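As a plain string of letters, each chain reads:
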Amino acid sequence: MSARAVGSVSRGRGAWSAAERRARAQVDILIVNCSLFNPTPSLASMVVNHFRMRPSIITYNLSGMGCSAGLIAIGLAQELLQARARCCE
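Analysis parameters
- Per chain, residues are indexed from 1 in the order of the written sequence.
- In keeping with the model being predicted, local features are shown solely for residues with a pLDDT of at least 70 and side-chain atom pairs are shown and tallied solely at 80 or more, while totals for entire chains, interfaces and linings include all residues.
- Only hydrogens and water are set aside; all other atoms, that is, all heavy atoms of the structure, feed into the side-chain values.
- In what follows, salt bridge is the name for a side-chain nitrogen of Lys or Arg lying within 4 Å of a carboxyl oxygen of Asp or Glu.
- Only DSSP runs of H or I covering at least 4 residues are called helices, and only runs of E covering at least 2 are called strands; the numbering of each starts at the N terminus.
- Relative accessibility under 20% of the residue-type maximum defines a buried residue, over 50% an exposed one, and the middle range a partly exposed one, all with a 1.4 Å probe and only protein chains included.
- Here a polar contact means two N or O atoms within 3.5 Å. Within protein one must be a hydrogen donor candidate and the other an acceptor candidate, and residues neighboring in sequence count only if both atoms are side-chain atoms.
- Positive charge is attributed to Lys and Arg, negative charge to Asp and Glu, and no charge count is given to His or to the chain ends.
- Contact between two residues is taken to exist if any of their heavy atoms lie within 4.5 Å; hydrogens are not considered.

### Notes on the pattern of salt bridges
Scanning all chains against the criterion turns up 2 salt bridges. Residue Asp28 is joined to Arg54 by a salt bridge in which the shortest nitrogen-to-oxygen separation is 3.0 Å. Here the residue Asp28 occupies a position in the loop between helix H2 (18-25) and strand E1 (29-34), and Arg54 occupies one in the loop between helix H3 (43-50) and strand E2 (58-63), the gap between them amounting to 26 residues. The salt bridge involving Asp28 is made with Arg84; its shortest N-O contact spans 2.6 Å. One end of the pair, Asp28, is in the loop between H2 and E1; the other, Arg84, is in helix H4 (residues 69-87), and 56 residues separate them in sequence. On the basis of relative accessibility, which here comes to 37%, the residue Arg84 falls in the partly exposed class. A network of salt bridges, in which partner residues are shared, links Asp28, Arg54 and Arg84.

Listed below in structure tokens is the structure:
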């Protein structure tokens, strides 16, 4: 998480800047990877709710698959972006 994002979290839910609201509106896909921990509700739903993102975001939770899940997450992101580019041409 970037320093800017950490600062945003500490300001509270009502203090989002206009740029931060626009940035959240531009997110279409969220992939969350956690190698061991598998909470309920999922980490992706916690992120979407905490940052008040659109409920129509496509989320993927990769949990409990160990360290190799990082490579799986990168491959998944690549395939999703390529499919989206083909679909929207």
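From this point, the narrative continues.
### Brief notes about the side chain of Glu20
Tracing the sequence through the fold places Glu20 in helix H2. Taking the relative accessible area as the measure of exposure, Glu20 reaches 10% and is therefore buried. Side-chain polar atoms of Glu20 contact the backbone nitrogen of Ser17, separated by 2.9 Å.

### Quick look at the side chain of Arg24
Structurally, Arg24 can be placed in helix H2. Although buried, Arg24 forms no salt bridge, and the nearest oppositely charged side chain, Glu20, lies 5.9 Å from it. Not counting residues up to four positions away in its chain, the partners in contact with Arg24 are Trp16, Phe51, Arg52, Met53 and Arg54.

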